[in-house]
Structure formats: structure tokens, C-alpha cells
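Descriptive analysis of the structure
One letter stands for each residue in the lines below.
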Amino acid sequence: MREDRVRALRRRRFVRASIAWSLAATATIAASPAAASNVFEYPEQGSEALGRAGAWVARASDPIAIARNPAGLAGQPARGSVGYDLALRAMCFTRVKAAGDVTADGTAPGGVYPRVCDSGTPIPIGYVAVAHPITPRLAIGAGVVTPSGVPRTAFPSFASGAASPQRYLLVESTTLMAIPTISAAYEALRGLRVGASLGWGIAWVSSSAAAPGVIEGAVRPADNDVKVRVSALDLFVPRATLGAHWSASSFVELGASVMWSDAIVARGDAVTEANAFTPRAASGDTSRVVRGDTSRRDCGRPGSAACGDGGNAELTVPLPATATVGVRLRVPRRTASAPRDPIDDERFDLELDVTWSDASSIDRIGLRFPGALGAGTIPVPGTAGNLPPNADSPRRYRDVVGFRLGGDLVVIPRRLSLRAGAFHESRAAVPGHVGLEALSGRRVGLAIGATARFPVREQGGAIDLSIGYLRMFVADVASESPSASGVPAIAGTAPYRTPWPVGLGRIEGGLDVLHVGAAYRF
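Before going into details, it helps to say that this report is about the structure given with it. Everything numeric in this text was worked out from a predicted model, so none of it was measured.

**Thoughts on the overall build of the protein chain**
In terms of regular secondary structure, the protein chain is built from six helices and 27 strands. In terms of overall size, the protein chain behaves like a compact globule, its C-alpha atoms giving a radius of gyration of 25 Å where 522 residues would be expected to give roughly 24 Å. For the protein chain, the spread of C-alpha atoms along the three principal axes comes to 95 × 45 × 35 Å. Residues counted as buried form 57% of the 522 residues belonging to the protein chain. Taking the intrachain contacts of the protein chain between residues at least 6 apart in sequence as the baseline, contacts between residues at least 24 apart amount to 73%. With the model as given, the accessible surface of the protein chain reaches about 19,700 Å², and the carbon-plus-sulfur share is 61%. For the protein chain, the separation between the mean place of its 56 positive charges and that of its 45 negative charges on side chains is 2 Å.

Set out below in C-alpha cells:
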């Protein structure tokens, strides 16, 4: 009997340590550098674009065109622009316990856990871009852009003194990404412009989640769950954007862009925390928490050398391709100016865009560790086990189609422009088969904004100051039947998955985005 108990304890330690690593990957998806109905972003970065609810591909009249429609650089005046967004996300999750879940956590199968919400401190995200005409028909641009997403998320580790119900999907995540970008555009025929951009993305992710332990028989999360934080860096995420812009007449403009990005393949390490969900830890006493670190040669376990020089975790996040087409109706002023500058040479405009995102390409969030003969070789301190070589987490996002309508009204010629817009995007989520990394339900948004121009010299020099606000309403994503299928937790033995899902329930939320920006026309 004593030997049986020892073997059971060792198995429990092995399982609880090896599960947690893969789940930490689920929070990293917000790093995806794309636009146009991308499930991980909002429409869309840029002082003009955000205030028009993203209806901008056929206007493309600001240096941020380097990332949205590079063809729009041709014909722009020499200008630099900078902007910052503060995204305030409200997301809550009410979990339903799966029918086959035997975890001894005080909730019966089919029962409902306490509702938990994201309380992460927002982090501003920004961009800087410059457009420079070489000739009246040729222009170049450059800048650094960021994804228009939510870089910081924080759910609780405990709820009502017990381990939080969403912990298997996400606890905390911070994702920072910068994309240095260069662009060129050329007016090949009168009124017809083409352009291309190349970007070099740099992504850093720090994410934590939990995992269940032994899955055979009733076990307590306090005894079996492990908290894990993965930190990973990818120094090269290539990205390319192609664009076209056609001034079909004085009153009609057409625009289109296609963006492709390679996957994020980040290399890093992780810190494990055994006993992180005990009542003692909930009270703030972490003296019994046993930590490991794969960046250390001994992995945090004296006598081992399995972690070598670090870099033992490989995180892979597929990034969807996107496409946008749009038509813009404009009413020019009689004294239209050149180069293109809508606040100078237009009375008002109205644009309609159609967008598409290849979100179905996100079939998994990959996480791999060193292994041999199908078994892990990285030990986890505080346990008797190793990390699984394959800890991928499946996803079932669907392609997203969106519609955007927006426009500007120049209320004071050459001085003040007001704008507004609305958008609708189809649901990306398959209920039960997504995590908490995105607001993936059907989305409807409203936006407003304004730009005030202050001349600084007689021959065209001016400073533009802009503000914007976007409100995104997101329909709930619900899979509340305890017998439904869904995302499982990662287990420590083959096939490394629990036989029950951990993502059933209701995900609800919305988003508010505040924008400030400035531009200088040389």
C-alpha cells in the first residue's frame, strides 16, 4: 500500500507539472500583426481610420497607409504622423463544469462556477509613420506600427478563496509587438496607384495559465494544479502588404489591400509554480510554492543539467491573412489642391469597405518542449515529472467577413474635419472551442473622431491634432451544455489531453478605444 501511494503521488506530480505549460500559450494570440476584421484586433489604427470605424482603404490619405494600403502613399504630401490608442476591454467568463469532469473542486458536473472578469491594467499602443514624395508619381514611406489589439490581460488566480475557474484558459498575459515597415508606391497610370510594404515584426510574450493534475479519479485543484508563466521572443516575423488605389473620377475612388504575415515562432523559457493554488497561497503565503526555471541549466532542480543554455520552449501562433476592398464617394471643393489632402480639397466623403480574414488558419496554438522517444526530458521542480514534448492547444476559429461604413465632413475648410463610422463583423468563434485571448463573437462598432489643423507657415506647413473614440459591442459566445465538446486541458500522459473540456460556458464583453494623434505636413 505504501508503494502504491508513492507511485500515485509521483504520477500526480508528473501530470500536474507537465499539463500547465501548453495552456500558457493561449494568451499569446493577441500579438497577431494584422488588420481587416482580424479577430484579435479592432478596426483600426490611425487617426482617420479609427474615427471612421476602419472605412479607410479607399481614402488612404495618411502615412499610416504604410500598413493599411501602401498605394495611398503616392500623391500624399510630405508628412509625418504619430498616434496612440488606449484600449479598455471588458471581458468576463462564466464557466460550466463538463459532465465528465471528475475534479473535486466543490462544483458538481453541470454546475456553474463564479463569474470572473479581466481586470488587466491597459497599456497604450502606438505608431509612427512618415510619407515622402520622390516625384509627383513616386513616394516612399517608413515607420513602426503595432497591432491594434489589447496587449495586457489579467484574470484572477483565485475566486472566493478557491482556484479561479478560468485558470486553465488564461491567468495573465502581456504581449508587446513592434513592426518596422518600409513602403513604396507609384502612380502607374493617371489616377491608378500601386504600392507594397515589407515589415519585420518583433514580438515578446509573457503569459501564464494553470493546468489540472491527475485526471483519473477525484482530485483537488489545490493538490494538482500548477501555474506556469512562459516568456518567449521572436525577432523576425515577416509581413507583406500589397495595395491599389484608383481615382476613377473626381467623385469616386476605389481601394484594395491584401496583407500576409508569417506565423509567430517564438523561442523562450518558462517558470513553473507547484502548489500555487493551495489555500495557503490564496491567503498570500507562497512559502510552500516550489518554482522551476527552464532558463537555468539545472531547471531549478539541483543536480540536473537538462535545461542546458535555455530556450527550451517553442511557441507557434499562426497569423491570418487579410484582405479589404472599398469604394469612396467624395465631394471636392472647387479649389481642389494637389497633392491629395482631404481636409484641404474636399467637402465631405463616404466610404464602404468589405473585409475578410483567414481566421480559420488558426487551428492551434503550438507549444513544444524537448523530448526523446515521445517523452519529455525537461524536469519540473516540486514534481517527479517532465514537460510533454507536444503541448499544442487546439482552436476552431472561422473566417471573418466584415462591413465598414464611414466618412468625414469638413466643417471649417482647411481647419476642422469631423468623422464617424460603423462596422459589423461576423462571428469567428465556435462556442466551446476558443479561449479568452480574443473577443471572438459577432462584433458591431461605432466610432467618432475629429482633426483640427493649425497652419505653421504660409506655404502648406501645418500641424494636425486628432482625437477618436471607438465602441465595440460583442455578442456573447456561449456553449453552456455540460455535454458539449470543447477545448480540453493538457494532460501529463498520452494523449496529453483531459477527456473533458474546460472552456464550456459563456464569454461576454466589449471594447472601448480612445485615440490621440498628431501629424505634421512639411
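From this point, the narrative continues.
**Looking at the packing of aromatic side chains**
Geometry of an aromatic ring pair is reported as the spacing of the ring centres plus the angle between the planes. Here the structure, examined in full by the defined rule, presents three aromatic pairs. When the centroid spacing of 4.4 Å and the interplanar angle of 55 degrees are considered together, the rings of W200 and F236 count as tilted. Here F236 lies in strand β10 (residues 226-247) and W200 lies in strand β9 (residues 192-211), a separation of 36 residues in the sequence. Taking the relative accessible area as the measure of exposure, W200 reaches 46% and is therefore partly exposed. Judged by relative accessible area, F236 falls into the partly exposed class, the value being 43%. Between the aromatic rings of Y520 and F522, the centroid separation amounts to 5.0 Å while the plane-to-plane angle is 85 degrees, which identifies the pairing as edge-to-face. Here the guanidinium or amino end of R471 rests over the ring plane of F473, the centre of that ring lying 4.9 Å away.

**A look at the nonpolar core**
Judged by nonpolar contacts, the single largest core of 46 residues is most densely connected at Y42, Y397, L436, M472 and L511. Contributing elements (two or more residues each) for this core: β1 (79-95), β24 (462-479) and β27 (505-521). Ranked by residue count, the leading element in this core is β24, at four residues. Ranked by size, the runner-up nonpolar core spans 35 residues in total, among them L73, A74, A129 and M177.

**Focus on the side chain of R52**
Turning to its location among the elements, R52 is positioned in the loop between α2 (47-51) and α3 (65-68). Those residues in contact with R52 that sit more than four places away from it in its chain are R59, R328, D349, E351, L405, G406, G407, D408, R419, A420 and G421.

**Side note on the environment of D358**
Secondary-structure assignment places D358 in the loop between β16 (346-357) and β17 (364-368). The class of D358 is partly exposed, set by a relative accessible area of 22%. Measuring from C-alpha to C-alpha, the distance between D358 and Y397 comes to 9.1 Å, with 39 residues separating the pair along the chain. Not counting the four nearest positions on each side in its chain, D358 is found in contact with P320, A321 and D399.

**Focus: unusual backbone geometry**
Each neighbour pair has its own omega, and for P43 with E44 the value is -5 degrees, a cis peptide bond. Relative to the helices and strands, E44 resides in the loop between α1 (2-23) and α2. One non-glycine residue with positive phi stands out, namely S160, at about 55 degrees. Following the sequence through the fold, S160 ends up in the loop between β6 (158-159) and β7 (162-163). Looking at S160, the relative accessible area reads 76%, which means it is exposed. Even without being glycine, N275 reaches a positive phi, approximately 65 degrees. In this structure, N275 sits in the loop between β12 (264-274) and α5 (279-282).

What counts as what
Residues numbered from 1 in each chain as written. Predicted model: local features only at pLDDT ≥ 70, side-chain atom pairs only at ≥ 80, totals over all residues. Heavy atoms only, no water. Helix = DSSP H or I, 4+ residues; strand = E, 2+ residues; numbered from the N terminus. Rg over C-alpha atoms; globule rule 2.2 N^0.38 Å. Buried < 20%, exposed > 50% of the residue type's maximum accessible area, 1.4 Å probe, protein only. Contact = heavy atoms within 4.5 Å. Areas by Shrake-Rupley, 256 points an atom, 1.4 Å probe, with all protein chains shown as cover. Lys, Arg positive; Asp, Glu negative; His and termini not counted. Charge placed at Lys NZ, Arg CZ, Asp CG, Glu CD. Phe/Tyr/Trp six-rings, centres within 6.5 Å; stacked < 30°, edge-to-face > 60°. Lys NZ or Arg CZ within 6 Å of the ring centre and 35° of its normal. Core = buried A, V, L, I, M, F, W, Y, C linked by side-chain atoms within 4.5 Å.

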